[in-house]
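In case you want the letters, here they are:
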Amino acid sequence: MCKKIIFLLCFLPFYLLSAQTNELKKFPKGCSPKQVGNRLAYNFVNARHDLYAGRYIHYAEVCTWNGALDYALKTNDRELIKQLQNRFEPFFTREKVLLPPMNHVDYNMFGSLALKLYQITNDKRYLEIGLAYADSQWEVPVNAKPEEKDWAEKGYSWQTRMWIDDMYMITVIQNEAYKVTGDPKYIDRAAKEMVLYLDELQRPSGLFYHAPDVPYYWARGDGWMAVGMADLLRELPKNHKNYVRIMEGYQVMMKSLKNHQRPDGMWNQLIDEPDFWPETSGTAMFTYAFIIGVQQGWLNASEYGSAARKAWLAMVLFIDERNNVTEVCVGTGKKNDKQYYYDRPRLAGDFHGQAPYLWCAAALLRK
């Protein structure tokens, strides 16, 4: 009898976790991650490039491309993988002029795509491009500004600017460089940078202002932090000196986000403003961070699994008949004006929204 009780006590936590994570396993027809991911990934393959001022590949396209690749790998869709690889091939020749220069935090994250393709193909051309973007994020150019040199002298990226967006743009490429090389300098860079931003920008509420001088909790801005922490923590060794600090920042943020989730499962354009409109890109980013947290055992599976499920089912309703995510806030610079955030245009098919939906679809397909 005693042995049976001990067995049950040992087995029960695993049983409960399994039962609770089932919240993220079964979905109604039309809402499964495979159905949604397939719609959005093939939509992306046939889409035109998204360019900065008609010149360079936009980071939002890179994010969507990465998401489509992750989805294709999870479903073992070899045809989709091939199409996504073929989309990159012209960058070696006629579209080489579209490669972003290695001089800005938003530009350098392009290298994450090349490094992800290297992991799939083992083609050294991707490795060369990807590491060049990763390393130049820490190599101070001759014409760097004094404040950029100051950051570098402290061991941070010279591209540091204290915008919350950076905690995805910097960490995503350093993470991918760590994966392909195993060199701890890359994960150390990402972790050191993340702690800086946590210490400087996270508020007592657990959320983040858009910038130190803009006291508003803009959904997509906070979304970059949520995703950046979740992805970094998956790669960061648990014995790393910065692991506990980053986990603390992540969990405090997740608790606050759960408290601000709308009854319908969405989050608003300004997270803590109940009269603002529900915004899809930020919602998808928060959902992704919840999914990863539940799967990794960082978050209570019952509470956050249910919240993630509710969000996912709400998100699917915002995909139109052309397979475009709607109600996506356009690219938004900081401004100390609440009305400015309320009045931002909302687009359908903007890659800022397509990307995190694909991240969620791929994450939900993880075993």
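Residues numbered from 1 in each chain as written. Predicted model: local features only at pLDDT ≥ 70, side-chain atom pairs only at ≥ 80, totals over all residues. Heavy atoms only, no water.

Account for the side chain of histidine 210, with residues named and values stated.
Tracing the backbone through its elements, the reader meets histidine 210 in the loop between α10 (184-201) and α11 (219-235). Here tyrosine 341 takes part through its side chain, which lies 2.7 Å from a polar atom of the side chain of histidine 210. Contacts of histidine 210, omitting those with residues within four sequence positions, involve Trp163, Ile164, Asp165, Tyr216, Trp218, Thr332, Gly333, Lys334 and Tyr341. (Helix = DSSP H or I, 4+ residues; strand = E, 2+ residues; numbered from the N terminus. Polar contact = N/O pair within 3.5 Å; in protein donor to acceptor, adjacent residues only side chain to side chain. Contact = heavy atoms within 4.5 Å.)

Any details on the nonpolar core? Residues and values, ideally.
Core analysis: the biggest nonpolar cluster contains 121 residues, and Phe88, Phe110, Ile246, Tyr250, Met254 and Trp312 have the highest contact counts within it. Apart from residues no more than four positions distant in its own chain, phenylalanine 110 is found in contact with Ile57, Val62, Phe88, Phe91, Leu99, Pro100, Ile129 and Tyr133. By size, the runner-up hydrophobic cluster in this structure holds ten residues, among which are Ala211, Val214, Tyr216 and Phe276. (Core = buried A, V, L, I, M, F, W, Y, C linked by side-chain atoms within 4.5 Å. Buried < 20%, exposed > 50% of the residue type's maximum accessible area, 1.4 Å probe, protein only.)

Account for the confidence of the model for the protein, with residues named and values stated.
Looking at the protein as a whole, its pLDDT mean stands at 94, while 94% of the residues score no less than 70. Predicted confidence for residues 1-20 stays below pLDDT 50, and this span has three contacts to residues more than four positions away or in other chains. (pLDDT = per-residue confidence, 0-100.)

Describe in detail the packing of aromatic side chains, supporting the description with residues and values.
Applying the stated rule across the entire model yields 30 aromatic pairs. Ring geometry for tryptophan 65 versus phenylalanine 91: centroids 5.9 Å apart, planes at 50°, classification tilted. You can see tryptophan 65 sitting in helix α3 (residues 59-75) and its partner phenylalanine 91 sitting in the loop between α4 (78-88) and α5 (105-108), a full 26 residues away along the chain. Residue tryptophan 65 is classed as buried on the basis of its relative accessible area of 0%. Where tryptophan 267 meets phenylalanine 290, the ring centres are 5.7 Å apart and the plane angle is 80°; that geometry is what we call edge-to-face. Pair noted here: tryptophan 267 is in the loop between α12 (243-260) and α13 (280-296) and phenylalanine 290 is in helix α13, with a separation of 23 residues, a long-range link. Since its relative accessible area comes to 0%, phenylalanine 290 is described here as buried. Here the basic side chain of arginine 125 rests over the ring of phenylalanine 92, its NZ or CZ set 3.9 Å away from the ring centre. (Phe/Tyr/Trp six-rings, centres within 6.5 Å; stacked < 30°, edge-to-face > 60°. Lys NZ or Arg CZ within 6 Å of the ring centre and 35° of its normal.)

Now, about the environment of tyrosine 168: what can you tell me, with residues and values included?
Topologically, tyrosine 168 is positioned in helix α9 (residues 166-181). When sequence neighbours within four positions are dropped, the list of residues in contact with tyrosine 168 reads Cys63, Met109, Trp224, Val227, Gly228, Asp231 and Trp359.

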